[in-house]
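Chains, contacts and geometry: an overview
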There are 2 protein chains.
Amino acid sequence: MVKVGYLGPAGTYSHQAAQQEFSGAELIPQKSIGACFESMHKAEVDYAVVPFENSTNGQVVFTYDLLRDWFMKCGDSTPTPKFKVVGECFVSIHHSLIGFQPDLSKITKVYSHPQVWGQCSSFLEGLNVERIDTSSTSRAVELVAQSPLVEQNEIAAIGSSAASKLHSVPVVVPSVEDNTSNTTRFLVLGTKDEISQTSIDVRDRITLLSFVLKHFNDMGSLSHVLDVFARHKVNLVSITTRPAKLLKWQYVFFLECVTGGDASQLDPVYSELGEFTEELRIMGWFPRSVDYAGK
Amino acid sequence: MVKVGYLGPAGTYSHQAAQQEFSGAELIPQKSIGACFESMHKAEVDYAVVPFENSTNGQVVFTYDLLRDWFMKCGDSTPTPKFKVVGECFVSIHHSLIGFQPDLSKITKVYSHPQVWGQCSSFLEGLNVERIDTSSTSRAVELVAQSPLVEQNEIAAIGSSAASKLHSVPVVVPSVEDNTSNTTRFLVLGTKDEISQTSIDVRDRITLLSFVLKHFNDMGSLSHVLDVFARHKVNLVSITTRPAKLLKWQYVFFLECVTGGDASQLDPVYSELGEFTEELRIMGWFPRSVDYAGK
């Protein structure tokens, strides 16, 4: 049976992503996003699903930095990863306030994953509560479920309706997210090229690549890089940066571009990029999810 | 006396930045980064100091999103801000583990600002503790100071040595940050053009601007934007994105470029950018800090 790692415990949005993408697989919860990468590298799982960006909150920086640390040598002797990015999937994120206390004015503490605060800022502004970070939204709900009765009178969690059901804690307020079209995009890590049998030739494919600029204080070079894509009529769909760690204020760039089913379309791009970039890494080449526009 | 707002309470790194940049001014703590922007707009302060990026941890997303919300109309009727970005400053960030419990194995909870976890990940990996978010590093240390004795046996905070002194809680482990050259860059908001009398003509100046792409799914247009800078020999030093909030997967771009003392150098750039961008905003034009390379 296919094994799929995800950021556990059960009831997280990552769990939902894994269920959505891999029906009938054995879903194996991991302790952290880092552990998802580790378990891929050790071949303990066939795939892993990791959160990548949220339509409201932006980058999931942990994942970006793990991609950087695994794929960019940056001078040190990390092993070459035995996996790459083989897919993406989209999950609609609806957060609920979950707890046993229906009177919001009596709630003093709210538990949730740190990524959630920025997605529910309007709702949270109206509450006078302390925010307490947990390792996942599901763990937040579990903490409410396991609290002594006297504490349950003062606390709540923000999480998914799946976590509410899993831990038998009622939803107090549904849809507390700022933006109801709030969506998280997940990446699928794997060692095989394809995750499904859909006819990929007719679909758009995403290439995810990263690099550092050769002369990073002379960012005319970024313009040169992007110009290479433009001249070869390759459509860039996102660009973002993270600190490169080696030198202060040097950045790792992450770019995504869309092509059709022919990988060789990018060959001339790669050969020209060498002049302006160092450590150019192709981290993945995978089908654009049909849910991209819809979710 | 000049009034300067900063992310309070006293003892935060923002406090340190304000002290460093404005000697002899009245420093007024604010409850949040958002409150720093608000107090500028209401002219309750002459300047405000806000954290912008950290050399290890990257973007301070709260500040980026506040800049977006204040400067980009994005269709709604927010008032035009009465301030802009008038300066930058750099603060070396050294985090300490602060508390009354010298035996690390007995510590079960650590308080700190969420931005800190990513900067101390190696140290934290070695501890078996729950991480609890606080509104600032100084507040984290204050919580330890104010805890009942029995609780002080199990908790600690991560914060600055200034906060340790302010709240009279000893440093248990100094320099727990992953990277000892860890630096935070702050922006100075203000209504006046210049924050100091230094001869600015000979110094590099930074222009901070933001925009959304006209055809955001056709990112050839980003290449066109950057090409405008390259053709006019304007040196870009950073580019980054945040979600635009209006449309899913549409981004607001933040660009910084360096010029000399002559602002008109950018006039042809701005006039050509209109073809590819919407809501182009110049959020600031300010001297490059002498500490840029050094700190």
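Conventions and cut-offs
Every chain is numbered on its own, with residues counted from 1 as its sequence reads. For this description, chains carry letters from A and ligands carry numbers from 1, given in the order in which they are written. Reporting of local features is limited, given that this is a predicted model, to residues whose pLDDT is at least 70; pairs of side-chain atoms are given and counted only at 80 or more, and all residues count toward the totals for whole chains, interfaces and linings. Computation of side-chain values: all heavy atoms of the structure, hydrogens and water removed. Strand pairing follows a simple DSSP-based rule, namely that at least 2 bridges must link the two strands. Runs of H or I in DSSP of at least four residues are treated as helices and runs of E of at least two as strands, each being numbered from the N terminus. When the strands point away from the viewer and the connection leading from the first strand across the helix to the second strand turns clockwise, the crossover is called right-handed. For every element, the axis is a line fit to its C-alpha atoms; helices are fit only across the contacting stretch, and the angle between N-to-C directions ranges from 0 to 180 degrees. Here a residue-residue contact requires only that any non-hydrogen atoms of the pair lie within 4.5 Å. Buried area: the accessible surface (1.4 Å probe) lost by two parts on joining, summed over both. Put simply, a salt bridge is a Lys or Arg side-chain nitrogen that is within 4 Å of an Asp or Glu carboxyl oxygen. Counting of polar contacts relies on pairs of N or O atoms within 3.5 Å, with two restrictions inside protein: one atom must be capable of donating a hydrogen and the other of accepting it, and residues adjacent in sequence are counted only when both atoms are side-chain atoms. Accessible area is worked out with a 1.4 Å probe on protein chains only. A residue is then buried under 20% of its type maximum, exposed over 50%, and partly exposed in between. Under the pairing criterion, centres of Phe, Tyr and Trp rings, with the six-membered ring standing for Trp, must be within 6.5 Å; the plane angle then separates stacked pairs below 30 degrees from edge-to-face pairs above 60, leaving the rest tilted. Note on geometry: a ring has a charge over it if NZ (lysine) or CZ (arginine) is within 6 Å of the ring centre and within 35 degrees of the ring normal.

1. Regarding the pairing of strand 2 (residues 26-30) of chain B
Residues and elements named next belong to chain B. With five bridges joining them, strand 1 (residues 3-7) and strand 2 adopt parallel strand pairing. By the bridge assignment, Val4 is partnered in strand 2 with Leu27. Chirality of the crossover, the property in question, places the unit of strand 1, helix 1 (residues 13-21) and strand 2 among those that are right-handed.

2. Examining the sheet that holds strand 9 (residues 155-159) of chain A
Residues and elements named next belong to chain A. Taking strand neighbours across the sheet as the criterion, the five strands line up as 8-7-9-6-10 in an open arrangement whose pairing is mixed. In this open sheet, the two edge strands, each paired with only one partner strand, are strand 8 (130-133) and strand 10 (171-173). Strand-to-strand, the axes of this sheet are offset by a mean angle of 35°, without reference to chain direction. Pairing of strand 7 (residues 109-112) with strand 9, which is carried by three bridges, proceeds in the parallel orientation.

3. Some thoughts on the interface of chain B and chain A
The partner chain A presents 42 residues to the 42 residues of chain B that form the contact. Approximately 3,600 Å² of surface area, both sides summed, lies buried where chain B meets chain A, with 52% of it carried by carbon and sulfur atoms. Across the contact surface, chain B and chain A share zero salt bridges. Taken together, the connections running from chain B to chain A amount to six residue pairs in polar contact (both at pLDDT 80 or more). Of all the secondary structure elements, the ones that give two or more residues to the side of chain B that touches chain A are strand 3 (47-54), strand 4 (58-59), strand 8 (130-133), strand 11 (183-190), helix 9 (220-231), strand 13 (235-243) and strand 14 (251-259) of chain B. Here the side of chain B that touches chain A gets nine residues from one element, more than from any other, and that element is strand 13 of chain B.

4. What to know about the sheet that holds strand 6 (residues 96-98) of chain B
Residue and element names in this part refer to chain B. Ordered in space as 8-7-9-6-10, the five strands form an open sheet in which the pairing is mixed. Of all strands in the sheet, those with a lone pairing partner are strand 8 and strand 10 (171-173), marking the two edges. Strand-to-strand, the axes of this sheet are offset by a mean angle of 35°, without reference to chain direction. Against the sheet, helix 6 (residues 137-146) touches strand 6, strand 7 (109-112) and strand 9 (155-159), its axis set at about 155° to strand 9.

5. Some thoughts on helix 3 (residues 61-71) of chain A
Here helix 3 of chain A lies mainly inside the structure; eight of its 11 residues are buried. Looking at helix 3 of chain A, one finds that the buried residues are Thr63(A), Tyr64(A), Asp65(A), Leu66(A), Leu67(A), Arg68(A), Trp70(A) and Phe71(A).

6. Some details on the side chain of Gln101(B)
All names here are of chain B. With respect to the secondary-structure elements, Gln101 resides in the loop between strand 6 and strand 7. According to the relative accessible area criterion, Gln101 is buried, its value standing at 7%. In this structure the side chain of Gln101 is engaged in a polar contact, spanning 3.0 Å, whose partner is the backbone nitrogen of Asp103. A polar side-chain atom of Gln101 sits 2.8 Å from the main-chain carbonyl oxygen of Asn153. The contact partners of Gln101, leaving out residues within four places of it in the chain, are Lys106, Ile107, Gln152, Asn153 and Val172.

7. Notes on the pattern of salt bridges
Residues and elements named next belong to chain A. All chains considered together, the criterion is met by 24 salt bridges over all chains. For the salt bridge of Glu88 with Arg288, the shortest nitrogen-to-oxygen distance reads 2.9 Å. In this pair, Glu88 is assigned in strand 5 (residues 84-92) and Arg288 in the segment after strand 15 (277-287), connecting sequence segments 200 residues apart. The two residues Glu88 and Arg288 agree in class, both being buried.

8. Quick notes on the packing of aromatic side chains
All names here are of chain A. Counted by the stated rule, this structure contains 16 aromatic pairs over all chains. Summarising the aromatic geometry, the rings of Phe211 and Phe253 are spaced 5.5 Å apart at their centres and angled 15° between planes, so their arrangement reads as stacked. Of this pair, Phe211 sits in strand 12 (residues 205-213) while Phe253 is found in strand 14 (residues 251-259), placing the two residues 42 residues apart along the sequence. Accessibility expressed as a relative area gives 2% for Phe253, which makes it buried. Through a chain of ring-to-ring contacts, three or more aromatic side chains come together here, namely Phe37, Trp70, Phe71 and Phe83. Between Arg288 and the ring centre of Tyr292, over which it is positioned, the NZ or CZ distance is 3.7 Å.

By themselves, these observations are geometric and do not establish any function.
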